[in-house]
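Here are the chains, one letter per residue:
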Amino acid sequence: MRDRVAVVFGASGNVGWGAAQAFLAKGARVIVPTRSAKQAASLPAGLGAPERTFAPQVDVSTPEGAAELATYVRERFGACQHVFASMGPWWQGGPIVEQDADEYRKVMRNSLDCQVFAAQALLPGMRDSAEASYTIVTGAGGHATIPGTGLLVIAVSGVFGLSRMLRAEHAGDAVRINELLIQARIERAARPGVIPAQQFGEAAVALAESELRGQVLRYDDPARFAAALAG
């Protein structure tokens, strides 16, 4: 992993932060895209290895922003070897029929559009590399019927479909595409009932380094996940 390039989305949240920390701990150069100028300025120092952390300010919920990120990767690094696509905040805004068009579009942009456009922009440059991995991160909330989460469930259901189709469409390519379905609470600090983000991140990196392809791996317990990776 040393000196390889990893694009980690969602590094301002718990899941992406843990993955970014773990990639950095392995010696990778890590790109953490963000929409906010404030986050772009603060994330490298916050991740503990600013000399190997790069935070371009781009909005991958648009095709133009995703293309801008792909250009940044190509011009600065030549290519990236790993993508960890953890995108979309929790949303529990109420019943579907009570949401207006602006709220609908916001949730779709944050949780579905960004996944689609990022894949369109980054996967073509990775498909012929046997070193490359692309991990789509999903959550158990997309399978649940939690009151008030309807728009999020619609968006994540789209990500499930995206994952299924990308794994099928690229089955013959060198790049390894997998889905990581989180069924646990991930937080930065250890406490009862949660998994520390950096421990989770180590599992995410282990998946990126593995030979697995076309799989949906559930993460609910570190030991069970390690056993699944081992075969």
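For the structure itself, look to the data block above.
Residues numbered from 1 in each chain as written. Predicted model: local features only at pLDDT ≥ 70, side-chain atom pairs only at ≥ 80, totals over all residues. Heavy atoms only, no water.

### Focus on the side chain of Glu103
Then, in step 1: Take Glu103: it is sitting in helix α4 (residues 101-122).
Then, in step 2: On the accessibility criterion, Glu103 (19% relative accessible area) is buried.
Then, in step 3: Here Glu103 is in contact with Trp91 and Leu151, once residues within four sequence places are set aside. (Helix = DSSP H or I, 4+ residues; strand = E, 2+ residues; numbered from the N terminus. Buried < 20%, exposed > 50% of the residue type's maximum accessible area, 1.4 Å probe, protein only. Contact = heavy atoms within 4.5 Å.)

### Digging into the sheet that holds strand β6 (residues 176-182)
The strands that make up a sheet are held in pairs by hydrogen bonds between backbone atoms, and each pair lies either parallel or antiparallel.
Then, in step 1: Pairing is parallel in the open sheet, where 7 strands are placed in the order β3-β2-β1-β4-β5-β6-β9. Bordering the open sheet on either side are β3 (53-54) and β9 (216-219), each of which pairs with just one other strand.
Then, in step 2: Two strands pair when backbone bridges link them, and β6 and β9 are joined in this way by 4 bridges, in the parallel orientation. Directly across from Leu181, in β9, lies its bridge partner Arg218. (Pairing = 2+ DSSP bridges.)

### Examining the pattern of salt bridges
Then, in step 1: Counting across every chain of the model gives 11 salt bridges.
Then, in step 2: Residue Lys26 pairs with Glu209 through a salt bridge whose shortest N-O separation is 3.5 Å. With a gap of 183 residues between them, Lys26 in the loop between α1 (14-25) and β2 (29-31) and Glu209 in helix α6 (residues 197-209) connect regions that are remote in the sequence.
Then, in step 3: Its relative accessible area of 42% is what places Lys26 among the partly exposed residues.
Then, in step 4: Owing to a relative accessible area of 37%, Glu209 belongs among the partly exposed residues under this scheme. (Salt bridge = Lys/Arg side-chain N within 4 Å of Asp/Glu carboxyl O.)

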